[in-house]
Protein chains: 2
Amino acid sequence: MSLIKVSAQSRTAAVAGAIAGTYRDHGRVEIQAIGAGAVNQAIKAVVIAKGYLAEEGKAIVLVPSVVEVDIDGEDRTAIRLSVEPARNAA
Amino acid sequence: MSLIKVSAQSRTAAVAGAIAGTYRDHGRVEIQAIGAGAVNQAIKAVVIAKGYLAEEGKAIVLVPSVVEVDIDGEDRTAIRLSVEPARNAA
C-alpha cells in the first residue's frame, strides 16, 4: 500500500498530483497527516485529485481512520485517509 | 440533506454523536467546516462516528468537496464532507 505523508507545508497541487498518480497505478492510496494544518492540506489535495480522476471516469471515496505513529520516539496520533474506488452503482 | 456545521472549537464527541444520529435517521449526512482547525475536528468526529456506526453493521465512506459560502457578507471556501453508505460488496 502506497502511503503519502502530508504536512501543513505541503503544496496541495503537488500532493493532489501524487494522489492521482498513485491511485492510477495502484487503484488505491493512503494519505497520512499529523495536525490540523496537515489534515486540511490533505483534504484539499484529495478534492483536487478527485476532480482529476473524475475526468477519467474514476470516482473515489475516502475512508478515514486514526493511527498511532512514532515520530522521533514520540507517540503521535495521525489521521489516515484511505482513497478507494466508489462502488456506487450508477 | 442535513448539514452539520463544525468549528475549530466543536467537541469531537458531540459532533460524532450528531453525525451518527443524523446518519441513522437519513442514511447520509453532510458536514461543513471552514479553516484547518474545523476540518481537523470534522475528520476526527467522522472517525468516531464511523466506529459507532460500524458497531451497528453500517459502513460509511466520505466524499469531500469544496463549496463557496457567504459568511457575514464575505466569501469563504468551505470543505464539505458527505458521509455516505459504503457500497463495497463484502
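Structure's up top.
First things first, this report covers the structure right here in the doc. (Residues numbered from 1 in each chain as written. Chains lettered and ligands numbered in written order. Predicted model: local features only at pLDDT ≥ 70, side-chain atom pairs only at ≥ 80, totals over all residues. Heavy atoms only, no water.)

### Some points on the environment of Gly 17 of chain A
No. 1: As for its position among the elements, Gly 17 of chain A is in helix α1 (residues 12-26).
No. 2: A sequence separation of 29 residues divides Gly 17 of chain A from Val 46 of chain A, and the C-alpha atoms of the two residues are 9.5 Å apart. (Helix = DSSP H or I, 4+ residues; strand = E, 2+ residues; numbered from the N terminus.)

### Some remarks on the relation of the copies chain A and chain B
No. 1: Least-squares fitting of chain A to chain B yields an RMSD of 0.0 Å, with the superposition described by an axial translation of 0.0 Å and a rotation of 180°. Expressed as a symmetry operation, the mapping of one chain copy onto the other fits a two-fold axis.
No. 2: A share of 100% of interface residues in chain A that are also interface residues in chain B marks the association as one of identical surfaces. (Least-squares fit on C-alpha atoms with pLDDT ≥ 70 in both. Contact = heavy atoms within 4.5 Å.)

### Focus on the packing of helix α1 (residues 12-26) of chain B against helix α2 (residues 36-55) of chain B
Residues and elements named next belong to chain B.
No. 1: Across the interface, α1 lies against α2 with an axial gap of 8 Å and an inter-helix angle of 55°. One way to sum up the angle between α1 and α2 is to call them oblique. As α1 packs across α2, the resulting crossing turns out to be right-handed. Along its contact with α1, which presents Thr 12, Val 15, Ala 16, Gly 17, Ile 19, Ala 20, Tyr 23 and Arg 24, the element α2 presents Gln 41, Lys 44, Ala 45, Val 46, Ile 48, Ala 49, Tyr 52 and Leu 53. (Axes fitted to C-alpha atoms, helices over the stretch in contact; angles between N-to-C directions. Parallel < 35°, antiparallel > 145°, perpendicular 65-115°, else oblique. Left-handed = near helix turned anticlockwise from the far one by under 90°.)

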